[in-house]
Amino acid sequence: MNKTKTIIIILMLSFLFLFLLNINYPIKNEAEKAPKCKIIKESEFKNVIFTNDINMKIIHDKSIIYCDGFQKAWNKLAEELKCSTLEVEDAPDYVSVLNANIKQRYSANLEELYYTSTGKTTPDINTIINADLSKKYGITNSEMEIKNESDSVHLFSCFQNNVKFITPFLITGVSSFGYDNYRTGFLFDSDSDMKYSDVKTFGINERNAGNKKLTINHMIRRLIYLKPFPSLYPIISGFYMLIDTKSGDELYISTIPEPITISKLSSEYEYSLIDVCNDIISLLTDTENFLKSSESFYGPNGTGRNAIKETEISQHDTIKIPIINFDYIIYHDKLADKTINKKYKLCTPVQRIMFNTNSEGDYYYNNFLFSLFDNVQKKKSEQFITDGEFILFVKKKTEAEPYLIIYIGNDELLTK
């Protein structure tokens, strides 16, 4: 009898122990702090290109940011000066692109993302801009003042986009080994020279997300990846991901920043930002038709059809994507103090771009006993690791083209 009681007590204590292990303990995961605004001259950028041209060709060792806020301001200034183009003395090459797009029409759905101020400069222009920015974004532009000179015009644009996830991702540290604070150097190497960058990442870790991971699938609408070789290797570095955000916009992330349409790939590996984006959008939003297309690299006759798979995130998977978090004021010094239309002096051509993929703090729960009822059954864990060049872009569901494209070809824009 005593032996039976002992067994029962042991069993009860065991169940209690397992129950306690299975309790979700809240752990504070600090958000990335808002970056300090930096003023950088356009001519000082060596490894980053800011462009208003969505058809710009990708340069694989450079990072490229496409945002057409400056184009909006350029168009607005032309309209205010009542001219069809803005003729600039000794103009840099990109002025021809700005003038070519001067009649471009913009969707009203995008207006909340941008602020522009252009026209003849007045003594109170900085006060006006700061009041407008404070009202629209809760920020000011005191770091960069618009100069006011006789017969001068100014050109200022501001773009802000903080990507807020429906279920906030975790800040996963910098290690590729799954530990929160183990800084060994995240494996980011854009040119395969075995010189790795130590960068912070967001995503989820097998060891720390608990049942939070099960809700991630509600916002990751599609996840398509290439089977690694050998097949037993857990790290998947080639994948395409479509994420729904709180604002309703679509966030695309791909570690394969090249076209997946055969005819585009055949052009000596010279392809544009929009070429890449269009193919990724087609793959992730119209998957079956795209895969059946004879033009698709993964199509019926494509060499990679058997290598591509679609999946959901399981309880034991890992995602690691480098954090992109910046606030730049780009002073277009190649345009500064140039004469426009032989009449006006363009004193301060300025573009401000703010972007953050981790704008929220989050309390997540550490569940020491992994769920036995995973909604995605898998035989092994998989690690979706961004360890080299990749492309990230954001678009409205109602719009055909992205309003922001970030191609990462080096580590200059990444958070270290």
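Report on the accompanying structure. Just so it is clear, the model here is predicted, and its values are computed rather than measured. Sequence order as written defines residue numbering, which begins from 1 separately in each chain. Totals for whole chains, interfaces and linings use every residue, but because this is a predicted model, local features are given only for residues with pLDDT of at least 70 and side-chain atom pairs only at 80 or more, for both listing and counting. Neither water nor hydrogens contribute to the side-chain values; these are computed over all heavy atoms in the structure.

### Brief notes about the overall build of the protein
In DSSP terms, a helix is any run of H or I states spanning at least four residues, a strand is any run of E spanning at least two, and both are numbered starting from the N terminus. The secondary structure content of the protein amounts to eight helices and 21 strands. By residue count, 52% of the 416 residues in the protein fall in the buried class. It only takes one pair of heavy atoms within 4.5 Å for two residues to be counted as in contact. Counted over contacts in the protein with a minimum sequence separation of 6, partners at least 24 positions apart contribute 74%. All accessible areas in this document rest on Shrake-Rupley with a 1.4 Å probe, and a residue is counted as covered only by the protein chains that are shown. Surface accessibility of the protein: about 20200 Å² in total, with carbon and sulfur atoms responsible for 53%. For every residue, the accessible area (1.4 Å probe, protein chains only) is compared with the maximum for its type, and the residue is labelled buried under 20%, exposed over 50%, or partly exposed between those bounds.

### So, the environment of Val276
Summarising the element assignment, Val276 is placed in helix α7 (residues 273–285). Along the primary structure Val276 and Ile256 are separated by 20 residues, whereas in three dimensions their C-alpha atoms are 9.0 Å apart.

### Observations concerning the side chain of Asn356
Inspection of the secondary structure assignment puts Asn356 in strand β17 (residues 344–356). Aside from chain neighbours lying at most four places away, what touches Asn356 is Asn161, Asn162, Val163, Ile324 and Asn325.

### Some points on unusual backbone geometry
Phi at Lys82 takes a positive value of approximately 55°, unusual for a residue other than glycine. Structurally, Lys82 can be placed in the loop between α2 (69–80) and α3 (94–100). Using a relative accessible area of 77% as the deciding quantity, one classes Lys82 as exposed. Even without being a glycine, Asp337 presents a positive backbone phi close to 65°. Within the secondary structure, Asp337 sits in the loop between β15 (325–331) and β16 (338–340).

### Structural notes on the environment of Leu414
As for its placement among the helices and strands, Leu414 is situated in the segment after β21 (404–408). With relative accessibility at 5%, the residue Leu414 sits in the buried group. Taking the C-alpha atoms as reference points, Leu414 and Asn325, separated by 89 residues in sequence, lie 7.2 Å from one another.

### Remarks on the sheet that holds strand β9 (residues 220–226)
At least two DSSP bridges between two strands are needed for those strands to be called paired. If you trace the eight strands from one edge of the open sheet to the other, you get β3-β4-β21-β20-β12-β11-β9-β13, paired in mixed fashion. Since the sheet does not close on itself, it has two edges, and those belong to β3 (48–51) and β13 (308–310), each with one partner. Each neighbouring strand pair of the sheet contributes to a mean axis angle of 10°, computed without reference to strand direction. Here β9 pairs with strand β11 (residues 239–244) via five bridges, running antiparallel. Bridge pairing in β11 links Tyr225 to Phe239. Helix-sheet contacts for α7 involve β3, β4 (63–67), β9, β11, β12 (250–254), β13, β20 (390–395) and β21, and the interaxial angle to β20 is about 75°. With axes taken as lines fitted to C-alpha atoms, and helix axes fitted only over the stretch in contact, angles between N-to-C directions fall between 0 and 180 degrees.

### As for the pairing of β12
The buried count for β12 comes to five of five residues, which makes it a mostly enclosed element. Going residue by residue along β12, you find Glu250, Tyr252 and Ser254 tucked away on one face and Leu251 and Ile253 tucked away on the opposite face as well. The sheet contact formed by β11 and β12 spans five bridges and is antiparallel. The residue bridging Leu242 from the neighbouring strand is Tyr252, located in β12. Connecting the antiparallel pair β11 and β12 is a turn made up of five residues, with Gly248 showing a positive phi of about 95°. The pairing of β12 with β20 spans five bridges and is antiparallel. For Leu251, the partnering residue across the bridge sits in β20 and is Val394.

### Some remarks on the side chain of Asn141
Tracing the backbone shows Asn141 in the loop between α4 (125–137) and β6 (152–162). Given a relative accessible area of 3%, Asn141 falls into the buried group. Counted as a polar contact is a pair of N or O atoms within 3.5 Å, where, for protein atoms, one must be capable of donating a hydrogen and the other of accepting one, and residues adjacent in sequence contribute only when both atoms are in side chains. Looking at Asn141, its side chain comes within polar contact range of the side chain of Arg352, at 3.2 Å. Setting aside its immediate chain neighbours within four residues, Asn141 contacts Ile129, Asn130, Leu133, Phe156, Ile329 and Arg352.

### A closer look at α2
With 12 residues, α2 extends 17 Å between its outermost C-alpha atoms, agreeing within 8% with the 16 Å of an ideal straight helix rising 1.5 Å per residue. Of all 12 residues that make up α2, nine are buried, and the element is covered over most of its length. Every buried residue of α2 is accounted for by Gly69, Phe70, Gln71, Lys72, Ala73, Trp74, Asn75, Leu77 and Ala78. Of the surrounding secondary structure, the elements contacted by the buried residues of α2 are β4, α3, β5 (114–120), β6, β16 and β17. Among the residues trailing α2, Lys82 stands out with phi positive, at a value near 55°. Any helix carries an expected span of 1.5 Å times its number of residues minus one.

### A closer look at the pattern of salt bridges
Take a side-chain nitrogen of Lys or Arg and a carboxyl oxygen of Asp or Glu: if they are within 4 Å of each other, that pair is a salt bridge. In total, this model carries 12 salt bridges according to the counting rule given. A single network of salt bridges, built from pairs that share partners, joins Arg221, Asp244, Glu250, Lys395 and Lys397.

### A word on the nonpolar core
In these notes, a set of buried Ala, Val, Leu, Ile, Met, Phe, Trp, Tyr and Cys residues joined through side-chain atoms within 4.5 Å is what counts as a nonpolar core. In terms of nonpolar packing, the biggest core is built from 48 residues, with Phe169 and Ile406 touching the most fellow members. Ranked by size, the runner-up nonpolar core spans 28 residues in total, among them Ile224, Leu273, Leu283 and Leu291.

### Focus on the environment of Asn278
You can see Asn278 is positioned in helix α7. For Asn278, a relative accessible area of 30% corresponds to the partly exposed category. C-alpha of Asn278 to C-alpha of Pro259: the two residues are 19 residues apart in sequence and 8.3 Å apart in space.

### Some remarks on the state of the cysteines
Cysteine sulfurs are considered disulfide-paired once they come within 2.5 Å of each other. Enumeration over the complete set of coordinates arrives at zero disulfides. Here Cys67 stays free of any disulfide, with the sulfur of Cys158 as its closest cysteine sulfur at 9.2 Å. Not part of a disulfide, Cys158 finds its nearest cysteine sulfur in Cys37, a span of 8.7 Å. Overall, the relative accessible area of 1% leaves Cys158 in the buried class.

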